[in-house]
Each structure stands twice: as C-alpha cells, then as structure tokens.
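# Structural characterization, general
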Amino acid sequence: MLGLNKKDTSLLIIVGILTLLAPFILNPFPSDSAMAQFNAGYPDLMQRFVIFGIFAIGFNILFGLTGYLSFGHAAFLGVGSYSAVWMFKLLSYNVIPAIALSVVVAGLFSLLIGFVSLRRSGIYFSILTLAFAQMSFALAYSVLSNPKFNLTNGETGLQVYADDPQILQGANAPDLPHLFGLPMRATYTLDVGAWSFDFNAGYYLCAVVMMVVFYLAIRIFRSPFGMMLRAVKSNQQRMNYTGLNSKPYTLAAFVISGMYAGLAGGLMAAMDPLAGAERMQWTASGEVVLMTILGGTGTLIGPVLGAGFIKYFENIFSKINDNVLHSWFAFLPDGLEDAVVFLIHPFIGKGWHLTLGILFMLVVIYLPGGLVEGGQRLMKWFKRKKSGTDDAPSGKTEPAE
Amino acid sequence: MDAILLQILNGLDKGSAYALIALGLTLIFGTLGVVNFAHGALFMIGAFCAVTLQKLMNLSFVTLDETQTDFLGNPLKVETPYVEAWFGPEVGATIIDWSVPLAILFAIPIMLLVGYVMERGLIKHFYKRPHADQILVTFGLAIVLQEIVKYFFGANPIQTPPPDALSGSVDLGTMIGFDPNAIIYPIWRLVYFGFAVAIIGAVFSFLQFTTFGMVVRAGMADRETVGLLGINIDRRFTIMFGIAAAVAGLAGVMYGPLNPPNYHMGMDFLVLSFVVVVVGGMGSLPGAVLAGFLLGILESFASTTWATTTIPGINQIIIYLVAIIVLLTRPRGLMGRKGVMEE
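Computed from a prediction, not measured in an experiment: that's the story for all the values here.

### Some remarks on the overall build of chain A
Along its length, chain A carries 16 helices and 8 strands. For 401 residues, the compact-globule estimate of 2.2 N^0.38 gives 21 Å, and chain A sits close to it at 23 Å. Over its C-alpha atoms, taken along the principal directions, chain A stretches across nearly 70 × 65 × 45 Å. Of all 401 residues assigned to chain A, the portion counted as buried reaches 44%. Once local pairs closer than 6 in sequence are excluded, the contacts in chain A between residues at least 24 apart make up 74%.

### Concerning the nonpolar core
In terms of nonpolar packing, the biggest core is built from 210 residues, with Phe55 and Tyr260 of chain A together with Leu23, Val247 and Val275 of chain B touching the most fellow members. When residues no more than four places from it in sequence are discounted, the contact partners of Tyr260 of chain A are Ile54, Phe55, Ile57, Gly58, Ile61 and Val213 of chain A.

### Thoughts on the interface of chain B and chain A
Taken together, the 31 residues of chain B in the interface contact 37 residues of chain A. Among the elements of the structure, helix 6 (131-153), helix 12 (265-280) and helix 15 (314-329) of chain B are those that each provide at least two residues to the side of chain B that touches chain A. No other element matches helix 6 of chain B, which puts 14 residues into the side of chain B that touches chain A.

### Some thoughts on helix 5 (residues 99-121) of chain B
Residues and elements named next belong to chain B. Compared with the 33 Å implied by 1.5 Å per residue over 23 residues, the 31 Å span of helix 5 between its first and last C-alpha is a close match. Burial in helix 5 covers these residues: Ser99, Val100, Ala103, Ala107, Met111, Val114, Gly115, Met118 and Glu119. Summarising the contacts, the buried residues of helix 5 are in contact with helix 2 (39-57), helix 4 (89-97) and helix 11 (233-255).

### Examining the packing of helix 8 (residues 187-209) of chain B against helix 9 (residues 211-221) of chain B
Residue and element names in this part refer to chain B. Contact pair helix 8 / helix 9: the axes reach a minimum separation of 5 Å and the direction vectors enclose 85°. Classed by the angle they form, the pair helix 8 and helix 9 counts as roughly perpendicular. For the pair formed by helix 8 and helix 9, the contact residues are Phe206, Leu207, Gln208 and Phe209 on the first element and Gly213, Val216 and Arg217 on the second. Each residue belonging to the contact of helix 8 with helix 9 can be placed in one class, and the counts come to 4 nonpolar, 2 polar and 1 charged.

### A few points about the environment of Leu128 of chain A
Topologically, Leu128 of chain A is positioned in helix 6 (residues 122-143). Along the backbone, Leu128 of chain A and Ser110 of chain A are 18 residues apart, and their C-alpha atoms lie at a distance of 13 Å. Ignoring any residue separated from it by four or fewer positions in sequence, one finds Leu128 of chain A in contact with Ser117 and Arg120 of chain A together with Ile324 and Leu327 of chain B.

### Let's talk about the pairing of strand 2 (residues 75-81) of chain B
All names here are of chain B. Relative to strand 2, strand 1 (residues 60-69) runs antiparallel, the two being bridged by 7 bridges. Counterpart to Val62 in the pairing with strand 2 is Glu79. Between strand 1 and strand 2, which pair antiparallel one after the other, the connecting turn spans 5 residues, and Gly73 there sits at a positive phi close to 95°.

### A short note on the environment of Cys49 of chain B
Residue and element names in this part refer to chain B. Along the chain, the position of Cys49 falls in helix 2. Judged by local crowding, Cys49 falls into the buried class, with 26 C-beta atoms found within 10 Å. Spatially, the C-alpha atoms of Cys49 and Met111 are 9.0 Å apart, while their sequence positions differ by 62 residues. For Cys49, the contacting residues outside a window of four places in its chain are Ala103, Phe106, Ala107, Ile110, Gly249 and Val253.

### So, the environment of Trp282 of chain A
Along the chain, Trp282 of chain A falls in helix 11 (residues 282-295). Given 21 C-beta atoms within 10 Å, Trp282 of chain A falls into the buried group. Distance in space between the C-alpha atoms of Trp282 of chain A and Ala74 of chain A is 6.9 Å, their sequence separation being 208 residues. Residue contacts for Trp282 of chain A: discarding those within four places in its chain leaves Phe71, Ala74, Leu130, Ala133 and Gln134 of chain A together with Val271 of chain B.

### Concerning the packing of helix 15 (residues 352-366) of chain A against helix 6 of chain B
Remark: helix 15 of chain A packs on helix 6 of chain B, axes separated minimally by 8 Å, with the N-to-C direction vectors making an angle of 155°. As judged from the angle between their axes, helix 15 of chain A and helix 6 of chain B are roughly antiparallel. Considering how the two elements wind past one another, helix 15 of chain A and helix 6 of chain B form a crossing that is left-handed. For the pair helix 15 of chain A and helix 6 of chain B, contact is made by His353, Leu354, Leu356, Gly357, Ile358, Phe360, Met361, Val364 and Ile365 of chain A and by Asp133, Leu136, Val137, Gly140, Leu141, Ile143, Val144, Glu147, Ile148 and Tyr151 of chain B, respectively. Here the residues of the contact of helix 15 of chain A with helix 6 of chain B are counted per class, giving 14 nonpolar, 3 polar and 2 charged.

Cut-offs applied
- Residues numbered from 1 in each chain as written.
- Chains lettered and ligands numbered in written order.
- Predicted model: local features only at pLDDT ≥ 70, side-chain atom pairs only at ≥ 80, totals over all residues.
- Helix = DSSP H or I, 4+ residues; strand = E, 2+ residues; numbered from the N terminus.
- Rg over C-alpha atoms; globule rule 2.2 N^0.38 Å.
- Buried ≥ 20, exposed ≤ 12 C-beta atoms within 10 Å, placed from the backbone.
- Contact = placed C-beta atoms within 7 Å.
- Core = buried A, V, L, I, M, F, W, Y, C linked by C-beta atoms within 7 Å.
- Expected span 1.5 Å × (residues − 1).
- Axes fitted to C-alpha atoms, helices over the stretch in contact; angles between N-to-C directions.
- Parallel < 35°, antiparallel > 145°, perpendicular 65-115°, else oblique.
- Nonpolar A, V, L, I, M, F, W, Y, C, P; charged D, E, K, R; others polar.
- Pairing = 2+ DSSP bridges.
- Left-handed = near helix turned anticlockwise from the far one by under 90°.

The structure is reproduced here in structure tokens:
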C-alpha cells in the first residue's frame, strides 16, 4: 500500500490505529478511581506525545541514519514556534499558514546551520551545532527583543496581543488558534459509565500530521537516499574514496530533520499560541536526543516510543508524592513503609530528572538499541525458552577495517 | 589605556575558570580519548565542596546564657559553632572566615576520588565505543550528578563569601602609575587568577618534570608503544583522570565567592569550555589554557557599552562566533597538532 512493503504497511496501520484511538487507550482507568492519575488521555498530554514524536522522528532521520549527533535541534523547534506565532500575529489565527511558515523557516534556518556545521563531523559537528543553538538561544532571549526590533519578546515569550494586525482574521473567527473555524481547544467528552474520554481537535490535527510525517519517514528509510545515509553512517571515508560526495546527502538529511523540528514547533504554537526562548536551550536539544536513544536509534518506531515514554513518565512521576507512596506501601509494617518511601522519595515528584538521567545512562550502557532492542531481546528470549535450544550462530559478519 | 587594562583584568577571572575546565577536558581527551560531558558537573561538585565545608564549619550547638535575656525576659540562646568551642573563639572565627580557601584541602581528596570512581566505574567501559556514546553517557551522568546536588542543596544559589581579608577591592591603578580610582579591582578576582595560574603551572610542571608525567606524555603520543614497553599506562591514565577532575573541582571551589554556586552552574560552563577546547585545539594543553584566557578577555571586551551599542548582543555570542570561525578556517584549533581530530 502507498509504495510500502507488507511489514511497513502493517506498522503504519498499527501506529495509525493506536494514535487515532489514543483517547481510549490512554484512559484505561475510571475517572474517579484512585488509579485515574495514571490516565494520560487528556488533550494537553496527548498533544505533547504526538508533537515530541514528530520532533524525535525527524531527529532520528539525521542521527539514526547518518550517525551525526546534533546537539542543537531545539533551535529549529524554537524557530518554528516563533514563526508560527508571528503568522498568528500578522495574518490570522488559522493554523495552516502558521504551520506552513514554521516548516519553511525552520528549513531555511537548518540549511544555513547545516551548511556550516556539516563541514565537520564527529564531535566537532556536535559542538558546532551546540554552539549555534546556544547562540540562537542567547539571541532570542535578549538581543532580538529590543524595543526597536522586537522579534522574540525576550523573557516574556512571543504572544498575540489585541492590537496586532491579524489582517486575514475574519470578524466571527474564533479568537484562538483554529483550523478554518474549528478551534484547536474544542474538546468533545464522551462519558461511558465511569469512564470519560476526551476527543480534542488539536490532538487529532497533530495525530494526522504525525501519520503523514511518519509515512514520509518510512519512505525515506526505505529509499535509495536512505540507503546512502546509512552508508555515510557505516563508513564515510570509504564512500569518499569511491569518489562520491556525501555532503549533499547529509545536508539534505539535516534540512529534513530541521523541518520536522520546525513542524513540531509550529504545532506546539498552534496548540498554545506562545513561544519562549527556553524551547531553544540545549537541555531541550538534549531531551530529543534522550527520546531517540531511549526508544531506539535508527528504528522507525523507536523515537515515537521514546517520546511517549519520556513524556508519560515525566507527567506521572511529577504527580506522585509521598502521600501517594504511603498509600501504596500501606500493607508493609510501619517502619518498613517509611523506609521504602524514604528510599523512593528522591526519584519522584521533582526528582524526575534524576530518574531520567539514571534511566538514560542505563540504556546507553546496557541497551544501546533502546526500547526496541529491549523488546527484540525479550522476544528472542521467549522464543528460545519455547524451543529449548541454544541460539544458533548468527550469520552476521563484521566488515574488516 | 586604563580602560583597556580594566577590560583585560575583567576577563581574567572568567578566563581562568574557562582555562582550568578546558585544561581538565583536554587532559582527559588527550590521555583517554574520551569526550567528557560531565566535566561541568565536576566543576559544580567542587563548588559544592566549599559549600559543604562552610556548612560543616557553621554547625553549632545552642547554649542558654543566663546573664543575658532576650526581649521576652527569657535567657538568651547563644549559638556557638563547634569549631569555636574546640579551638577557642578567635581561632574558630578565623577558620570559619577562611572556609573557602580551606575547602581546597577538603576538595582535593574528594575530587580525586570522584574522578577515580567515575573512570573505573563508567568511562572505562566506553573506550571502545563511538564518541557519540561517550557524549551520551557522560551527558546522562552530568544530569544525575546535577540532580543529586539539587536534591541535597536545593535549587537556589548559595552564598559562599570569601574571607574578610580578601573581600573588597583594591585600587590597582595607583600601583602602576594611573590616576586613583581608574582601575578598581576586587581582590578575590586577583586571588582567583593567581590560583588558576598556580594550578596550571603545577599541572604543567608535573607533566614536564616528573617521571610519571613523562610516561603520561609518552602515552598521549603513542599509547600502544608505551604499553608494549611493559608500562601499565591505563593505571596512569586513570590517575590523570582523577587529576583532571581535581583541577575542575578546584576551579569550582574558588569560583564560589565570585558567583554563588547553584546546581546548574556546571552546565553553563561546560558548553563554553567545550568551545574553548575546540578553539585551543583538541588535545593541546597549552592551547586550552591560551584559548581560555583569550576568550575570557574577548568576552569582557565585548561586554563594554561601546561594543554592545555598536553590535547589540555581541557579548552573548562572541565566543560562539569565534569558535565557528576558528572551526571553519583552522579546524585543528589555535595550537592543535596537525592531523589530530581534524575531520
């Protein structure tokens, strides 16, 4: 279907079904039960899943295929957000031109940065992208918000004010981001018994966009272009010796992933019309690296999984506090209960970043292929247990250097 | 003239911090070939060694003084730090006052140990893995260390005052023949600069004039051959990692009085220190030191009102701009060896 082989088609369909039914799947607990805090099916969080999924898919096209580790991708996300909000300010609250502009601007910006950074590889590339992103952050935070030329509105963040031109804004169009009159915040709540499910217009817009870009990512992975990028990763020197200039390919990959980041930034602004400089900081770039690695670098589904995983647990872990813990471990004897709660306390609530850091280190050390590799290993292990034989020697050979 | 001199002096303290961190980064890269993203966290741990020592010194017990009463008529509660009780009030007060410089003694063994544990426990397993993996795992470690410090010390900056004798400013201008009040400079910055120079000198002479340093330098040039000569180079490199950690930690200890330490100060310095290493030349120790001071001074010149009015925001981006230009025109850096990491 659509030029995909059978396996990829089924992957696409599964992802499609999961995203479209997410309001059901993410709300498995009745809304007034004690477990309701593990529900993730509210619009804001679902939008974040999908938007960061897009961001990570794009990042993976660069890092997963070519092996170039960029530490500055948040800059493109930030640029995308700023351009979308500018579209809201100048034209209208319709999200289509805003998202379109954010992709275009992020693409141009990444072309510029990619052209310079890709003259180096390895750590130099990482440090160059890091330097560029920090520079953009510094510029957006302070310089580009002087009274004469206020492009970013500095610390406050760029937002739409009542006296903005909005030349195409119709008289009766909603006064918040909308898609041809359908506001992004419009939510239909379906109550089934004790359960309630939210269907949010903004989420579905993001979900459809994600499906499209996921499809594009599959096509890129399976194309000769994707093959070329993989060749760059496995041995760039050899590629150069064969007389092939790999730079246009890596630059194209960089720009594509920059456009994905811009798209994510534009969607973020479309869900909440506010853009701040902190989206460009290098810790934000680090976050997308975490997502991709955690999910599985170079795999199709990995980045989406990683993004969902991090955003879900960020949300859940931040909500758990000592009282919740005490109620969980109430079955233990009092002293032991306090001890257990005391031990877990640093990792929950505000300690989420600590948990994330530890998790990330463990993944890099023991499971470089991320969650996807973990899943595969588990599958293999189960299969071996079933058949009761030792693993057959694999036919994989390492290329000689 | 005095204005130029003042800017140079202003750049020295930041430049010293850059130079010290970059020196450690380069030592690690030159010996072990590892890109250490957790080096900023080591700087931060150093600063918190000073904070911890200060808190320990100020531990006190409460006694009721029957001779004095507070405004309610109850006996006055007097807090006496233990050090004052043990060493007598005057010596104790001096110890508390000098807690930041004293923290140097306290920080050296701790930082050596932290470095040793880090290398043996984690970095060792990453020699054979790609640079990207090294960056990622040390980045994760930096997050963890930072969050641990945040858990114990909170998110707010903690004041670590310098000793009374070294706080305040000195009029440097009059000493070298300028008008009074032309060049007024905080003493602690001078102390920091002197300290940095001393540390840098110590590291260089250690490498240059001891047998241990000679072996390490030989190992940096050709690790395999040194290994074949029957020298356990890995062990020496581990010690060098500890020394690099100690250098970063000491830079942090003394930096506290200049800027109250908080848990993410390491990250802020790390990015800039990497830029410094790249400008100086990956693997070149003199390059790292030179670039550290140069960029610090350059940053201070870019912060003058003249520069910021000519090009707004130049002070924020100057270092990155320089790094980009250097990387594109002379990728091996100012003093890098030809052929080392030029790709």
